[in-house]
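Structural overview
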Amino acid sequence: RPREWLRALRLMLEELDEVTKHQIRMRIYAKFFVVAQAGQDYFKQSDTRLHFIAERIIMMTVELFENPHRMVDDISALGLRHVGYGIPTELFNPFVSVSVEVL
């Protein structure tokens, strides 16, 4: 079943044009800032960097289906790195939830 989901996800992503991809990336942050207003204090990067982060989330979704064991380690390391940056862990769940919802 995960193979079917991976195929469907790849197909969906391949069919998206650049305008739609841009809108998806923007929607992630717009919804996140509504759900977790404190998140605005931690996303002060350039627009280009925010788009890179959102694009990376999309690619990690694909990678999660391709290699789930490696991605568990990668995502855990990413979370620990953000804890080291002083990002409150209370912001992790809303950010992930909004990203999944938008995709």
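Residues numbered from 1 in each chain as written. Predicted model: local features only at pLDDT ≥ 70, side-chain atom pairs only at ≥ 80, totals over all residues. Heavy atoms only, no water.

Some words on the packing of helix α2 (residues 18-35) against helix α5 (residues 92-102)
- Axis separation between α2 and α5 bottoms out at 9 Å; the angle between their running directions is 140 degrees. With respect to each other, α2 and α5 are oriented oblique. In the crossing of α2 with α5, the sense of the turn from one axis to the other is right-handed. Mapping the contact onto sequence places Ile 24, Arg 27, Ile 28, Tyr 29, Lys 31, Phe 32 and Val 35 in α2 and Pro 94, Phe 95, Val 98, Ser 99, Glu 101 and Val 102 in α5.
- Looking at the contact of α2 with α5, its residues break down into 9 nonpolar, 1 polar and 3 charged. (Axes fitted to C-alpha atoms, helices over the stretch in contact; angles between N-to-C directions. Helix = DSSP H or I, 4+ residues; strand = E, 2+ residues; numbered from the N terminus. Parallel < 35°, antiparallel > 145°, perpendicular 65-115°, else oblique. Left-handed = near helix turned anticlockwise from the far one by under 90°. Contact = heavy atoms within 4.5 Å. Nonpolar A, V, L, I, M, F, W, Y, C, P; charged D, E, K, R; others polar.)

A look at the nonpolar core
- Among the nonpolar cores identified, the biggest contains 22 residues, and Leu 13, Tyr 29, Phe 32, Phe 43 and Phe 95 are the most heavily contacted of them.
- Within the residue set of this core, elements represented by two or more residues are α1 (2-15), α2, α3 (47-66) and α5.
- Take this core: its biggest share by element is 6 residues, from α3.
- When residues no more than four places from it in sequence are discounted, the contact partners of Phe 32 are Gly 39, Phe 43, Leu 91, Pro 94, Phe 95 and Val 98. (Core = buried A, V, L, I, M, F, W, Y, C linked by side-chain atoms within 4.5 Å. Buried < 20%, exposed > 50% of the residue type's maximum accessible area, 1.4 Å probe, protein only.)

Thoughts on the packing of aromatic side chains
- The final tally for this structure, using the stated rule, is 9 aromatic pairs.
- Both rings, one in Tyr 29 and one in Phe 43, keep their centres 5.3 Å apart while their planes meet at 70 degrees; by these two values the pair is edge-to-face. Residue Tyr 29 is located in helix α2, and its partner Phe 43 is located in the loop between α2 and α3; the two are separated by 14 residues in the primary sequence. The burial state of Tyr 29 is the same as that of Phe 43; both residues are buried.
- A centroid spacing of 5.7 Å and a plane angle of 80 degrees characterise the contact between Phe 32 and Phe 43, whose relative ring orientation is edge-to-face. Of this pair, Phe 32 sits in helix α2 while Phe 43 sits in the loop between α2 and α3, and the two are 11 residues apart along the sequence. (Phe/Tyr/Trp six-rings, centres within 6.5 Å; stacked < 30°, edge-to-face > 60°.)

Section: α1
- The terminal C-alpha atoms of α1 lie 20 Å apart, and with 14 residues this matches the ideal 20 Å at 1.5 Å per residue to within 8%.
- Those residues of α1 that are buried lie in contact with α2 and α3. (Expected span 1.5 Å × (residues − 1).)

Notes on the packing of α2 against α3
- Here α2 crosses α3 at 100 degrees, and the two axes come no closer than 9 Å. Between α2 and α3, the angle is such that the two are roughly perpendicular. Packed against α2, whose contacting residues are His 22, Ile 24, Arg 25, Met 26, Ile 28 and Tyr 29, the element α3 presents Asp 47, Leu 50, His 51, Ile 53, Ala 54, Glu 55 and Ile 58 at the interface.
- Of the residues belonging to the contact of α2 with α3, the class tally is 8 nonpolar, 2 polar and 3 charged.

Notes on the side chain of His 51
- Along the polypeptide, His 51 turns up in helix α3.
- Its relative accessible area of 11% is what places His 51 among the buried residues.
- A distance of 2.7 Å separates the side chain of His 51 from the side chain of Arg 25, its partner in a polar contact.
- In contact with His 51, other than residues within four places in its own chain, are His 22, Arg 25 and Met 26. (Polar contact = N/O pair within 3.5 Å; in protein donor to acceptor, adjacent residues only side chain to side chain.)

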